[in-house]
Number of protein chains: 2
Amino acid sequence: MMLRMPIKRIWTAIVGLMLATAAAGAQQPPLAARDTLPDGPRVFDSSRRGPSGSPIQGPKFRVVPLKGLAYPYALAFLPNGDMLITERAGSLRIVRNGVLDSEPIAGIPPVQNGNLRGLNDIALHPNFAQNKWVYFTYYKPSPSQPEAASATLARGRFDGGHTLTDVRDLFKTDTLVTGPSAARIAFGRDGQIYMAIGVPIPPRARPGTATPSDAQDPGSHFGKVLRLNDDGSAPADNPFVGRPGYKPEIFALGIRNAMALTVHPETGELWETENGPQGGDELNIIRAGRNYGWPVISYGRSYSGDLTGDTGPIQELPSAPSMEQPLLFWSPSIALSGMAVYTGDRFPTWKGSVFVGGLVGEQLQRIVFNQRGLPIRRDPMLTELKQRIREVRQGPDGLLYLLTDEAAGALLRIEPVTEGE
Amino acid sequence: MMLRMPIKRIWTAIVGLMLATAAAGAQQPPLAARDTLPDGPRVFDSSRRGPSGSPIQGPKFRVVPLKGLAYPYALAFLPNGDMLITERAGSLRIVRNGVLDSEPIAGIPPVQNGNLRGLNDIALHPNFAQNKWVYFTYYKPSPSQPEAASATLARGRFDGGHTLTDVRDLFKTDTLVTGPSAARIAFGRDGQIYMAIGVPIPPRARPGTATPSDAQDPGSHFGKVLRLNDDGSAPADNPFVGRPGYKPEIFALGIRNAMALTVHPETGELWETENGPQGGDELNIIRAGRNYGWPVISYGRSYSGDLTGDTGPIQELPSAPSMEQPLLFWSPSIALSGMAVYTGDRFPTWKGSVFVGGLVGEQLQRIVFNQRGLPIRRDPMLTELKQRIREVRQGPDGLLYLLTDEAAGALLRIEPVTEGE
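What you see is a predicted model, and the numbers here were worked out from it, not measured in a lab. (Residues numbered from 1 in each chain as written. Chains lettered and ligands numbered in written order. Predicted model: local features only at pLDDT ≥ 70, side-chain atom pairs only at ≥ 80, totals over all residues. Heavy atoms only, no water.)

### Looking at the overall build of chain A
Assigned secondary structure in chain A consists of two helices and 28 strands. Counting only residues that meet the buried cut, chain A has 58% of its 421 residues in that class. Only carbon and sulfur atoms are counted for the fraction: they give 54% of the accessible area of chain A, which is about 16,600 Å². (Helix = DSSP H or I, 4+ residues; strand = E, 2+ residues; numbered from the N terminus. Buried < 20%, exposed > 50% of the residue type's maximum accessible area, 1.4 Å probe, protein only. Areas by Shrake-Rupley, 256 points an atom, 1.4 Å probe, with all protein chains shown as cover.)

### Looking at the confidence of the model for chain A
All names here are of chain A. On average, residues of chain A score 88 in pLDDT, and 86% of them reach the 70 mark or higher. Taken as a whole, residues 20-33 scores under 50 in pLDDT and shows 21 contacts with residues more than four places along the chain or in a different chain. Note that pLDDT drops below 50 for residues 308-315; the model gives that stretch 25 contacts with residues more than four away or on any other chain. (pLDDT = per-residue confidence, 0-100. Contact = heavy atoms within 4.5 Å.)

### What to know about the packing of aromatic side chains
Within this structure, the stated rule accounts for 27 aromatic pairs over all chains. Aromatic pair Y342(A) and F347(A): ring centres 6.2 Å apart, planes at 65°, arrangement edge-to-face. What makes Y342(A) buried here is its relative accessible area of 0%. According to the relative accessible area criterion, F347(A) is buried, its value standing at 2%. Where F136(B) meets Y138(B), the ring centres are 5.8 Å apart and the plane angle is 35°; that geometry is what we call tilted. Members of the aromatic cluster, connected to one another through ring pairs, are F44(A), F61(A), Y342(A), F347(A), W350(A) and F355(A). Looking at R378(B), its charged tip hangs above the ring of W330(B), at a distance of 4.7 Å from the centre. (Phe/Tyr/Trp six-rings, centres within 6.5 Å; stacked < 30°, edge-to-face > 60°. Lys NZ or Arg CZ within 6 Å of the ring centre and 35° of its normal.)

### A short note on the sheet that holds strand β26 (residues 389-394) of chain B
Residues and elements named next belong to chain B. The antiparallel open sheet is built from five strands, whose spatial order is β2-β5-β28-β27-β26. In this open sheet, the two strands that pair with only one neighbour each are β2 (42-45) and β26. Neighbour to neighbour, the strand axes of the sheet diverge by 25° on average, direction disregarded. Looking at chain direction, β26 and strand β27 (residues 400-404) are connected through five bridges and run antiparallel. Bridging from a neighbouring strand, I389 pairs with T404 of β27. (Pairing = 2+ DSSP bridges. Axes fitted to C-alpha atoms, helices over the stretch in contact; angles between N-to-C directions.)

### Some remarks on unusual backbone geometry
Excluding glycine, a negative phi dihedral is what most residues carry, and trans is how most peptide bonds are arranged. Residue and element names in this part refer to chain A. The peptide bond linking W294 to P295 adopts the cis configuration, its omega dihedral lying at -5°. Checked against the element boundaries, P295 lands in the loop between β20 (281-286) and β21 (328-330). The step from S331 to P332 runs through a cis peptide bond, and the omega angle for that step is 0°. By secondary structure assignment, the location of P332 is in the loop between β21 and β22 (336-341). Unlike most non-glycine residues, L382 shows phi in positive territory, near 65°.

### Some details on the pairing of strand β18 (residues 258-263) of chain A
All names here are of chain A. The buried count for β18 comes to five of six residues, which makes it a mostly enclosed element. Summarising the sheet, β18 and strand β19 (residues 270-274) pair through five bridges and their orientation is antiparallel. In the strand pairing of β19, V263 is matched with L270. With antiparallel pairing between neighbouring strands as the criterion, β18 and β19 make up a hairpin whose turn holds six residues, including G268 at a positive phi of roughly 75°.

### Comments concerning the pattern of salt bridges
This structure, assessed with the given rule, holds 48 salt bridges over all chains. Note that R157(A) and D166(A) form a salt bridge whose closest N and O atoms lie 3.3 Å from each other. When its relative accessible area of 40% is taken as the criterion, D166(A) is described as partly exposed. With its nearest N and O atoms 2.9 Å apart, the salt bridge here joins R184(B) to D121(B). Taken as a pair, R184(B) in strand β14 (residues 183-187) and D121(B) in strand β10 (residues 119-124) lie far apart in primary sequence, 63 residues in all. Taking the relative accessible area as the measure of exposure, D121(B) reaches 0% and is therefore buried. Each of D121(A), R184(A), E391(A) and R393(A) takes part in salt bridges that share partners, so that together they form one network. (Salt bridge = Lys/Arg side-chain N within 4 Å of Asp/Glu carboxyl O.)

### Quick word on the sheet that holds β19(A)
Two strands in a sheet stick together by hydrogen bonds in their backbones, pointing the same way (parallel) or opposite ways (antiparallel). Residues and elements named next belong to chain A. The sheet built from four strands is open, its strands ordered β18-β19-β20-β21 with antiparallel pairing. The two strands at the open ends of the sheet, each matched to only one other strand, are β18 and β21. Within this sheet the neighbouring strands show an average axis-to-axis angle of 20°, counted without direction. Alignment of β19 against β20, held across five bridges, turns out to be antiparallel. Counted as the bridge partner of E274 is E282 from β20.

### Some thoughts on the environment of T137(B)
All names here are of chain B. Considering the arrangement of structural elements, one finds T137 in strand β11 (residues 133-141). Overall, T137 belongs to the buried group, its relative accessible area being 0%. Separated by 212 residues in the primary sequence, T137 and T349 place their C-alpha atoms 35 Å from one another.

### Brief notes about the side chain of S46(B)
Residue and element names in this part refer to chain B. Checked against the element boundaries, S46 lands in the loop between β2 and β3 (48-49). The buried category is assigned to S46, whose relative accessible area is 9%. At 2.7 Å, the side chain of S46 forms a polar contact with the backbone oxygen of P59. (Polar contact = N/O pair within 3.5 Å; in protein donor to acceptor, adjacent residues only side chain to side chain.)

### Regarding the layout of surface pockets
The rolling of a water-molecule-sized probe over the atoms marks out the regions of remaining empty space. Residues and elements named next belong to chain A. Counted as a void, the second largest pocket has a volume near 800 Å³. Lining of the second largest pocket is provided by 25 residues; of these, F77, F187, V263, R393 and Q394 occupy positions nearest its centre. Among the secondary structure elements, those contributing two or more residues to the lining of the second largest pocket are β6 (72-77), β10 (119-124), β14 (183-187), β18, β22 and β26 (389-394). Sort the elements by how many residues they give to the lining of the second largest pocket and β10 lands first, with four residues. When the residues that make up the lining of the second largest pocket are grouped by side-chain class, the tally is 17 nonpolar, six polar and two charged. (1 Å grid on protein atoms, 1.4 Å probe; cavity = no way out; pocket = protein on both sides within 12 Å on 5 of 7 lines; lining within 4 Å. Points joined across faces, edges and corners; volume = space filled by probe spheres on them. Nonpolar A, V, L, I, M, F, W, Y, C, P; charged D, E, K, R; others polar.)

Here's what the structure looks like:
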């Protein structure tokens, strides 16, 4: 069928349709509770306002998502810039040349997945270039007790291909855990491995398995930061070696759940983030032999609202003479997760800042320090994406990389925006 | 000129144009640092996720802005539903039948405007229906010392017209302040007026004027909550009447800057929000004769990053035997501002929650309490608007009303959204 119409009338109709459609498209959509992560890059402006509304200039940056991950947990950079990424359900993924390989790396043992537990952290041995050793933590299902697992440090050899070979467990807790517990690792400047193992919350702790009070129990590995040789054994110079009742692997006590363990690139100190129950997230510097107070002292409340440590009435005040104070605490919690000290040149104004992730807080948070090394400001970022941020790392390229704790999970790359973009 | 074309080809072209236009219109704009408040209503979904990503359902609500205010500070509802709104620079505005009158209400004395000071709070006398008394606080410029002011409580008569008549000062601090200080008032169930007067931060405190340590000085009205008769005199039953060295008006000590004073509608207790320096915002219940600790104890750090109270080294720990602990504290600060206990029926699931505003935090925050009256969650809302929220009130209509601390300020009405909208 043919149409015979004046061009002018057709053009008017077309323009009218376009305007109506553009208006419909550009109309502010109702703000849905959960915006899905966009497929493509998105530019943000980190400028903000401080006390009394004073303007604080900040760089623009671009967030570039790489989708296709499921509850990614941690990442490690290979010497060539490729990335190994753990998925909590038990898969080890690899990003080669910026592309996520659809095939996981084979060789990870079966893991018990749930409540933080699963395949957790990953780190390369300092001499990876020679020995090809990749270390990872996971929750090993108990053969005898269902839903219980031991927190385990393992190692395998990775030659750049598709398989982790010669995989062996190096260290395993001799007691089990049934509730939320996370295991993070970091190689210290001393070449030892520091491993933080968390304690669960009471409703999920089955009899005979780890409870919150394990964190104060020198006979338990839970709620501790351990210090191990690279073969999983306890170094002879650990702080409690030879002390009766103390596990020799223990380096520090009183940890709830460490969500990041980071060796500060300038000082070599061991920085740790910790989730409080309800309020009480902490940033701690972990020192040999110290007690970080959980569940005796906390800046948080239990989920029931009481000033308790999940276990019942405790000291009301968040301090005690023999226990360490955090460098920083958060109330309410943002559920602190990964942490990176930014030392790169791609964002000059961010140099020296510490970036942490927030899970419940669905954010990247920049902690600003002054010349004297004191924290003076904390800037929430990326809240518009409404993504639970699990991991924060600085890449060898000086960019920031994040992982989202989502079923439709992603690696987010943070890069600068050129002036005029 | 006539066009002869197959209808199908024309239709394909039109649809193609529409799709392209819709895509261009709906494209995510770059997120600018400061989105201006939209002119019209906007719908939000308060659903969110809690620990481990568990979904928390919440109502949708609509924010309706009423623009045309400049740094609005506080509001009071008249019996007919109209609203009196103070603007910090010294104007008293009125909203009649939902419309902002472009003419201010005459009769407010000259104020010293800057750093929180200016025309501050406003409240109707409990017997306003008979006596027409409107009470307000303001910073009265010192005739002798430039940039210094006394915190003042005044009263006038408002007959519903355009003028506040018979205006008189009822109470005035006998010392002056040159830095940030806020004065908030509330009528208690006992019919007395509670007035909180804040202390400044050191760089702005001129010699001979109030300093942070005034808060601990019983001879100063600054850094205190006062309790006054409705004529500005000190009630005979005040906690420190007759005690040497104590101003008889003092009800409680150790306040930094009270951003809200609210009588809890169920318990009659005096609830107060307070800004910490850097971290350390507090929600306190103010009781007779108690000391709230500023600047001796705090959950915050000074702006220089030290664990101090703006005045130099103090106790590192946020507690002391003779000083009160807050009901809740915030770190980092959101710069807590106004507060309302929600008791209305328009949002049934919000009943019993406390809503607070955040200035630096650019948010409305809902504090959720459990059956036992313990705070169990704090939900940030409205962050997408990027507005400094100064005041939060519940209207006689059961809706929530906010004021934004902006040059282009607004009254925001929060109302429910009908299902299907």
